[in-house]
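Each chain, letter by letter, is given below.
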Amino acid sequence: MLVISGLAFLSSCRTTAALYSSSAKEDAMMNVPNMLSASLGRRWRAERNFWLSALTFFSWCVLARLYVVVRRLAQLNDRIEELQSPTGPIKDVPEPVDVVEELKKAK
């Protein structure tokens, strides 16, 4: 979702910049009130979409970073509990088995 909202933000930036760069030329030629209203409406919608996509992209960035921080905190808390346990750190690797001794016990 971060990538999708980033692409939407970049697209709205491009659209807004294009409308604002061409609007100065168009405003000089618009003498009809309906044409001026249509141009201002397009600019308003482009700017609204820009701010909405900026807010969405920023929110996804904050959420992604928060997820990383919370996940790291959980890992650190698990490690602290592991180190503070009375039996000591829990080992993920099992104890080595002496094959010769096991064969002697089996006889």
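Preceding this paragraph is the structure being described.
Visitor: Lay out helix α2 (residues 33–84) with the relevant residues and their values.
Guide: In this model, α2 (52 residues) spans 76 Å end to end at C-alpha, consistent with the 76 Å of a helix rising 1.5 Å per residue. Buried residues of α2: Ser39, Gly41, Arg43, Ala46, Phe50, Ser53 and Ala54, and no others.

Visitor: Residue-level account of the pattern of salt bridges, with values.
Guide: Scanning the model with the defined rule gives one salt bridge in all. Residues Glu82 and Arg79 are paired through a salt bridge, measuring 2.6 Å at the closest nitrogen-oxygen approach. Highlighted residues: Glu82 and Arg79, both in helix α2, separated by three residues, approximately one helical turn.

Visitor: Kindly report on the side chain of Thr16, identifying the contributing residues and their values.
Guide: Among the secondary structure elements, Thr16 is positioned in helix α1 (residues 2–29). On the basis of relative accessible area, Thr16 is assigned to the buried category, the value being 11%. Setting aside its immediate chain neighbours within four residues, Thr16 contacts Ala46, Glu47 and Phe50.

Analysis parameters
- Residues numbered from 1 in each chain as written.
- Predicted model: local features only at pLDDT ≥ 70, side-chain atom pairs only at ≥ 80, totals over all residues.
- Heavy atoms only, no water.
- Helix = DSSP H or I, 4+ residues; strand = E, 2+ residues; numbered from the N terminus.
- Expected span 1.5 Å × (residues − 1).
- Buried < 20%, exposed > 50% of the residue type's maximum accessible area, 1.4 Å probe, protein only.
- Salt bridge = Lys/Arg side-chain N within 4 Å of Asp/Glu carboxyl O.
- Contact = heavy atoms within 4.5 Å.

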